[in-house]
Amino acid sequence: MGNLIKNLIEKTKLFLKKVTDYLTYNKSFIYIFMSIFIIFGYGFFLNSNSFIKTENKKSYTTPIEEIKTLGKNNIQVRSRKYSKTSNIVEFYIYCETPLNSSNTRLRFELREQKNPLEIIDTSVRRLDENNYIVRAKVNNNWNVLSLGVGEFIDENILDNIDNSNEKSNQNIEPNTVTELVKFYVEKDDIETVLNLKEKTSNEYLSEGIDIEIDILNKKIKDENSNIKEKNTKIKDLEETIKRIKEEEVYQTEIEIKDSENKINSIQDSIKTLQNEIENSNKNIQLIKEKIQKLREKKSDYLRK
């Protein structure tokens, strides 16, 4: 074994000597080697996404369930689609407004990572008070899209301000945007479809109802998971009470009193969990009723 290692070391030294001699008498080879190394390095950098994608697959993409606050409104991108055949992207936007607010008017800005200063032309349809469709044609080599959502200040709202000094102090111009919230999506994360033909408003609204039903079904699933978890806790607490009572046989009067206090405290915890389970069951029932109403609403849309 020792001789084998010794021979390997000698061969390695001989190989390194030959390489050194070659580089000494062939200096041009050094420049060729460095050029190849640099080119390979740039190639790796420019295509690094293909190597690192598995670790940071969704480093840019905004989760589809994420809700962002815009003024008093909650904004959610409920679906995002892309057609490779037409290079059309389509976003379904839901805007939840306060009950007493009916003047919300949204503005949209679409940009691409490779040319962030350019605003991509969009076609915007407001389906009803809360739902919007945003469509645009993009380059087929796009990588990351940024959809900015802003709220216009309407002239009618400004006219409701009685004091002109107050209007000037607020420094608000008609038809300006208050702020922007941004949603991002990578090409690999968007839903790819064959065709993205425009639909009627009722067809889009029906699609929006399906999305909302999916969201509500997820809430039911979460509530059921919470109920299951709380039932497990109750079972564990009941087992704890059982063990405490078994130990009371061997306890003094003072120890028994302490054990009874522990049992009372645990029973209070069990009662709290049971009330929470009852509330969860009520929530599930309300959600199911809401889903049924949404299905009826969808049927009405499709009949029109």
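Residues numbered from 1 in each chain as written. Predicted model: local features only at pLDDT ≥ 70, side-chain atom pairs only at ≥ 80, totals over all residues. Heavy atoms only, no water.

## Quick notes on the overall build of the protein chain
Phase 1: Counting secondary structure elements, the protein chain contains seven helices and 10 strands.
Phase 2: Buried positions account for 30% of the 304 residues belonging to the protein chain.
Phase 3: Long-range pairs, those at least 24 residues apart, make up 70% of the contacts in the protein chain between residues at least 6 apart in sequence.
Phase 4: Accessible surface computed for the protein chain: about 21,400 Å², of which carbon and sulfur atoms make up 52%. (Helix = DSSP H or I, 4+ residues; strand = E, 2+ residues; numbered from the N terminus. Buried < 20%, exposed > 50% of the residue type's maximum accessible area, 1.4 Å probe, protein only. Contact = heavy atoms within 4.5 Å. Areas by Shrake-Rupley, 256 points an atom, 1.4 Å probe, with all protein chains shown as cover.)

## Comments concerning the nonpolar core
Phase 1: Counting residues in hydrophobic clusters, the biggest one holds 24 residues, and the most contacted among them are Val 89, Phe 91, Ile 93, Leu 110, Leu 145, Leu 147 and Val 149.
Phase 2: Among the elements of the structure, strand E2 (73-83), strand E3 (88-96), strand E4 (106-112), strand E7 (131-137), strand E8 (144-152) and strand E9 (177-186) are those that each provide at least two residues to this core.
Phase 3: Residue contributions to this core peak at four residues, all from E3.
Phase 4: In contact with Ile 93, not counting residues within four places along its chain, are Ile 75, Gln 76, Val 77, Phe 108, Asn 130, Asn 131, Tyr 132, Val 134 and Leu 147. (Core = buried A, V, L, I, M, F, W, Y, C linked by side-chain atoms within 4.5 Å.)

## A word on helix H7 (residues 253-303)
Phase 1: Taking 1.5 Å of rise per residue, the 51 residues of H7 would be expected to cover 75 Å, and the 75 Å separating its terminal C-alpha atoms lies within 8% of that figure.
Phase 2: What H7 keeps buried is the set Ser 259, Ile 263, Ile 266, Ile 270, Leu 273, Ile 277, Ser 280, Ile 284, Ile 287, Ile 291, Leu 294 and Tyr 301.
Phase 3: On the buried face of H7, the contacting elements are helix H6 (201-247). (Expected span 1.5 Å × (residues − 1).)

## Thoughts on the pairing of E4
Phase 1: Taking burial as the measure, the seven residues of E4 include five buried ones, the bulk of the element.
Phase 2: Here E4 runs beside E8; their pairing, made up of seven bridges, is antiparallel. When the sheet's bridge partners are listed, Glu 109 is paired in E8 with Gly 148.
Phase 3: Here two bridges tie E4 to strand E5 (residues 115-120), and the two strands are oriented antiparallel to one another. The residue bridging Leu 110 from the neighbouring strand is Ile 120, located in E5.
Phase 4: With antiparallel pairing between neighbouring strands as the criterion, E4 and E5 make up a hairpin whose turn holds two residues. (Pairing = 2+ DSSP bridges.)

## Some thoughts on the pattern of salt bridges
Phase 1: Summed over the entire model, instances satisfying the criterion amount to 14 salt bridges.
Phase 2: Across the pair Glu 109 and Arg 111 runs a salt bridge, and its minimum N-O distance is 3.2 Å.
Phase 3: Here Lys 199 and Glu 207 are joined by a salt bridge, their closest N and O atoms 2.6 Å apart.
Phase 4: Under the relative-accessibility criterion, Lys 199 is labelled partly exposed at 31%.
Phase 5: Owing to a relative accessible area of 13%, Glu 207 belongs among the buried residues under this scheme.
Phase 6: Through salt bridges that share partners, Lys 81, Lys 199 and Glu 207 make up one connected network. (Salt bridge = Lys/Arg side-chain N within 4 Å of Asp/Glu carboxyl O.)

## Points about the packing of H6 against H7
Phase 1: Relative to each other, H6 and H7 sit at 165°, their axes nearing to 9 Å. Our classification of the angle between H6 and H7 gives roughly antiparallel. In this structure, the crossing between H6 and H7 has a hand that is left-handed.
Phase 2: For the contact of H6 with H7, a count of residues per class yields 21 nonpolar, 13 polar and 15 charged. (Axes fitted to C-alpha atoms, helices over the stretch in contact; angles between N-to-C directions. Parallel < 35°, antiparallel > 145°, perpendicular 65-115°, else oblique. Left-handed = near helix turned anticlockwise from the far one by under 90°. Nonpolar A, V, L, I, M, F, W, Y, C, P; charged D, E, K, R; others polar.)

## Describing the packing of aromatic side chains
Phase 1: Here the structure, examined in full by the defined rule, presents two aromatic pairs.
Phase 2: Where Tyr 82 meets Trp 142, the ring centres are 5.4 Å apart and the plane angle is 85°; that geometry is what we call edge-to-face. Linking Tyr 82 in strand E2 with Trp 142 in the loop between E7 and E8, this pair joins segments that are 60 residues apart in sequence.
Phase 3: Positioned above the aromatic ring of Phe 183 is the side chain of Lys 68, whose terminal nitrogen or guanidinium carbon lies 5.1 Å from the ring centre. (Phe/Tyr/Trp six-rings, centres within 6.5 Å; stacked < 30°, edge-to-face > 60°. Lys NZ or Arg CZ within 6 Å of the ring centre and 35° of its normal.)

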